[in-house]
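Chain and residue survey
Listed below, chain by chain, are the residues.
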Amino acid sequence: MPPLIHSSPVFDFRNEKSRVELRKWRGSLRGLNRPLVFTNGVFDLLHRGHANYLMEARNLGGALLVGVNSDDSVKRLKGDSRPIQSEEDRAYILSMLRSCDGVVIFGEDTPLEVITFVVPDILVKGGDYKIEDIVGREVVECGGGIVKTIPFIEGRSTTGILERMKK
């Protein structure tokens, strides 16, 4: 029996050639009438909360594109001790998950440019966000899409894992 291998494309939004490929990928989803779900995050230490969140997000549409903060972006947002894993490793791990249909690395502090570029049908963030505060909400809603939140699993976070490791 052949091995079960799932690998989704990884796009680097900082690279023009990769942007062209992302646009083609997005166009193919439209052609197949597969609604695109977009979410984003650091995804530094993949854990159960991430896995559940990504599957819930994927179940909302026909394909899931996950935005991943670049290493420089993570440092600006989380401090010099982060990220723990490189952007390439984080993107690769996500690309191997069945829930992820594509991964895009972005260098800005928010994914607004990526959201404006792909205009997802569904924009998703974790339950700690208020819908009105979600970056890209206006772009998605103006494009006819919807914005949703997914509740977190209590006690499952990268910060919590790092705190336990320090003890």
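Residues numbered from 1 in each chain as written. Predicted model: local features only at pLDDT ≥ 70, side-chain atom pairs only at ≥ 80, totals over all residues. Heavy atoms only, no water.

1. Considering the overall build of the protein
Rules: Numbering of helices and strands runs from the N terminus, with a helix taken as a DSSP run of H or I at least four residues long and a strand as a DSSP run of E at least two residues long. Under the scheme applied here, a residue whose accessible area is under 20% of the maximum for its type counts as buried, over 50% as exposed, and between as partly exposed, the area being computed with a 1.4 Å probe on protein chains only. Residue contacts are counted whenever heavy atoms from the two residues lie within 4.5 Å of one another. Surface exposure here means Shrake-Rupley accessible area, sampled with a 1.4 Å probe, where a residue is shielded only by the protein chains that are shown.
Counting secondary structure elements, the protein contains seven helices and six strands. The order of helices and strands in the protein, counted from the N terminus, is β-α-β-α-β-α-α-β-α-β-α-β-α. Relative to its 167 residues, the protein shows a buried fraction of 44%. Of all intrachain contacts in the protein linking residues separated by at least 6 positions in sequence, the fraction that spans at least 24 positions is 72%. On the protein, roughly 9100 Å² of surface is accessible, and the fraction owed to carbon and sulfur atoms is 53%.

2. Quick look at the sheet that holds strand β5 (residues 122–126)
Which entries qualify depends on this criterion: Any two strands with at least two DSSP-identified bridges between them are counted as paired. Working convention: axes come from line fits to C-alpha atoms, limited for helices to the stretch in contact. Angles between N-to-C directions cover 0 to 180 degrees.
Read across the sheet, six strands follow the order β1-β4-β3-β2-β5-β6 without closing on themselves; strand pairing throughout is parallel. Two strands bound the open sheet, and with one partner strand each, they are β1 (10–12) and β6 (146–150). Direction aside, the axes of adjacent strands within the sheet are offset by 25 degrees on average. Relative to strand β4 (residues 102–106), strand β3 (residues 63–69) runs parallel, the two being bridged by five bridges. If you follow V68 over to β4, its bridge partner there is I105. Most of the contacts of helix α2 (residues 48–58) go to β3, to which it runs at about 135 degrees, and overall it touches β2 (36–41), β3, β5 and β6.

3. Some details on the environment of D128
The residue D128 is located in the loop between β5 and α6 (137–142) in this model. Exposure remark for D128: the relative accessible area of 56% places this residue in the exposed category. Linking D128 and I150, residues 22 residues apart in sequence, is a C-alpha distance of 8.7 Å.

4. A few points about the pattern of salt bridges
Note the threshold: Any carboxyl oxygen of Asp or Glu that lies within 4 Å of a side-chain nitrogen of Lys or Arg is treated as forming a salt bridge with it.
Taken as a whole and assessed by the stated rule, the structure comprises twelve salt bridges. The salt bridge involving R14 is made with E87; its shortest N-O contact spans 2.5 Å. Placement of R14 in the loop between β1 and α1 (16–31) and of E87 in helix α4 (residues 87–95) is noted, with a sequence separation of 73 residues between them. The partly exposed category is assigned to R14, whose relative accessible area is 43%. By relative accessible area, E87 is classed as buried at 8%. R26 is the salt-bridge partner of D121, the closest N and O atoms lying 3.3 Å from each other. Taken together, the residues span a long stretch of sequence, with D121 in the loop between α5 (112–118) and β5 and R26 in helix α1 at a distance of 95 residues. Residues joined in a network through salt bridges with shared partners are D12, R14 and E87.

5. Focus: empty space enclosed by the protein
Just so we agree on the cut-off: With a 1 Å grid laid over protein atoms only, a set of points is called a cavity when a 1.4 Å probe fits there but cannot get out and a pocket when it is open yet has protein on both sides within 12 Å along at least five of seven lines; lining residues have an atom within 4 Å of a point. Grid points are joined across faces, edges and corners, and a volume is the space filled by probe spheres set on the points. Any residue outside Ala, Val, Leu, Ile, Met, Phe, Trp, Tyr, Cys, Pro, Asp, Glu, Lys and Arg is labelled polar, Gly included; the first ten of those are nonpolar and the last four are charged.
In the structure shown here, the tally under the stated rule is one cavity of 30 Å³ or more. There is about 30 Å³ of room inside the largest cavity. Lining the largest cavity are F43, D44, L46, Q85, R90, I93 and L94. Residue classes in the lining of the largest cavity are distributed as four nonpolar, one polar and two charged.

6. Brief notes about the environment of I131
Relative to the helices and strands, I131 is located in the loop between β5 and α6. Given a relative accessible area of 30%, I131 falls into the partly exposed group. The contact partners of I131, leaving out residues within four places of it in the chain, are R137, V147, K148 and T149.

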